[in-house]
Amino acid sequence: MTTAETGRIPVILDTDPGVDDFFAIAMLCANRDRINLLGLTAEGGNNTTAVTAQNALNVLSLLGCDDVPVARGMDQYLTSPFGEPVAKFHGANGMGNVDLPVSNHGLAKERAWDFIHAKASDFGKIILVTVGPLTNVAVALCKYPDLKEHVSRIVMMGGTTDRGNVGPYTEANMGHDALASRIVFESGIPIDMVGLNVTRDCIITPAEFDVMSGHSDSLIASVMRDLIVFRAGEALHDPIAAAAMLVPEIISWEDAYTQIEFSDLKTNGMCHIDPEKTDLFNSRIAMKLDQTAYRGMFREMVRSLV
C-alpha cells in the first residue's frame, strides 16, 4: 500500500535496544495514526545483535505493536567487533535489567539491509530514523546503490557539535562505527542530525514521569518508570530523534556540510560541521530543543500507551 493510500509517513527505525531505544520505539508506536511503522532493524552495540533483536521484539509486544516486523542486522561494526555490553547505561540485558515479557514472534526472514531496501522500494520513499551506530544503513547503501533514491530523509540520534561521550569530541553512535557514519553522510540522502548537544540536558526524572503517567500502575508504566530510574539522571537521548521526525519544529536547525572523521586518532568519529559550504550541504544540525514542546510530546506518548 502506498503512502498516498494510507495517508501516513512510511518509517523504519534502526535501533540497538537499549534503554533510551525503548522510548524511541514507544514514541513511534504511540503515533501510528501519523506514521506507517514498516519495521525495526536491530543491530548490536548496546549488546549483542541476538539480544538487541529479541529486545526489539519484546518491546513491540509489550506496547501492543506485534504486527511490526523486526529484521536482524549486523553482528559487528564494519571494521571491528562489537565491544562488551554497555551495562552501565543499559543493564546486562540491554533493558536496564528489567525483565520484559518474551515475545512469541520471530524475526523477519530478511536481514536488515535487505529489509530496508525491499520496504523502501515498495513504498517509493521512506524516512529512516536511526538511534544506534549506522552499520546497517551503511551496508544497505553499499549493497543497494539505488537505495538513496527511496529514502527521503534520515533522522538520526548521533553526533555532537561540542563534547562527546566516547571521546573528547565524539558521540558513541558516530564513533563506534565511524566508517559507516562517513558512508551515510556521503550518501546524498538529506540528514537531520540530533546530537548530544541538544539531548544531553533533556532529563526526564521519575517524579516528572509519575505526573505524566497519572501514577498509572500498568505494566507499561511500571517498565517505563523502572527504566527511567535505572538511568539515574542520564538523559533519554533516542526518543528526541523520533520526536523530531514527527514534529521537526521542536528543534532549531542549522544547515551544514558534515563529514565524519574516520582515522586512528582520538577524534575518530568526530563531526566536522561547516555551515559555510552552502553548495555541499548534506545535513541539518540540531542546535536547540524546545524542551516544553518535547516534554508535551513525551507526556502524550506516555498517556497514550499506559
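See the structure shown above.
The rules we used
- Residues numbered from 1 in each chain as written.
- Predicted model: local features only at pLDDT ≥ 70, side-chain atom pairs only at ≥ 80, totals over all residues.
- Heavy atoms only, no water.
- Disulfide = S-S within 2.5 Å.
- Salt bridge = Lys/Arg side-chain N within 4 Å of Asp/Glu carboxyl O.
- Buried < 20%, exposed > 50% of the residue type's maximum accessible area, 1.4 Å probe, protein only.
- Helix = DSSP H or I, 4+ residues; strand = E, 2+ residues; numbered from the N terminus.
- Phe/Tyr/Trp six-rings, centres within 6.5 Å; stacked < 30°, edge-to-face > 60°.
- Lys NZ or Arg CZ within 6 Å of the ring centre and 35° of its normal.

Colleague: So what exactly am I meant to see when it comes to the state of the cysteines here?
Modeller: By definition, a disulfide links two cysteine residues through a covalent bond between their sulfur atoms. By the definition in use, this model includes zero disulfides. With no disulfide of its own, Cys65 has Cys29 as its nearest cysteine by sulfur position, at a separation of 3.1 Å. You can see Cys271 has no disulfide; the closest cysteine sulfur is in Cys142, sitting 19 Å from it.

Colleague: Would you take a moment to explain the pattern of salt bridges for this structure?
Modeller: If charged atoms from side chains of opposite charge come close, those side chains can pair. Summed over all chains, the structure comprises twelve salt bridges. Between Lys109 and Glu110 there is a salt bridge, with the nearest N and O atoms lying 3.8 Å from each other. Classification of Glu110 as partly exposed rests on a relative accessible area of 24%. Notably, a salt bridge pairs Arg284 with Asp192, separated by 2.9 Å at the nearest N-O pair. Placement of Arg284 in strand β9 (residues 283-289) and of Asp192 in strand β6 (residues 191-194) is noted, with a sequence separation of 92 residues between them. Arg284 sits in the partly exposed class, given a relative accessible area of 22%. One salt-bridge network, in which partners are shared between bridges, spans Arg72, Asp75 and Arg111.

Colleague: Please clarify how the packing of aromatic side chains should be interpreted in this entry.
Modeller: When we look at a pair of aromatic rings, we describe it by the centre distance and by the angle of the planes. A full pass over the atoms with the stated rule returns four aromatic pairs. Between Tyr77 and Phe82, the aromatic rings sit 4.7 Å apart at their centres with planes inclined by 80°, giving edge-to-face as the arrangement. With a relative accessible area of 17%, Phe82 lands in the buried category. Pairwise contacts between aromatic rings join Phe22, Phe23, Tyr294 and Phe298 into one cluster. Over the aromatic face of Trp253 sits the side chain of Arg284, whose NZ or CZ is 4.5 Å from the ring centroid.

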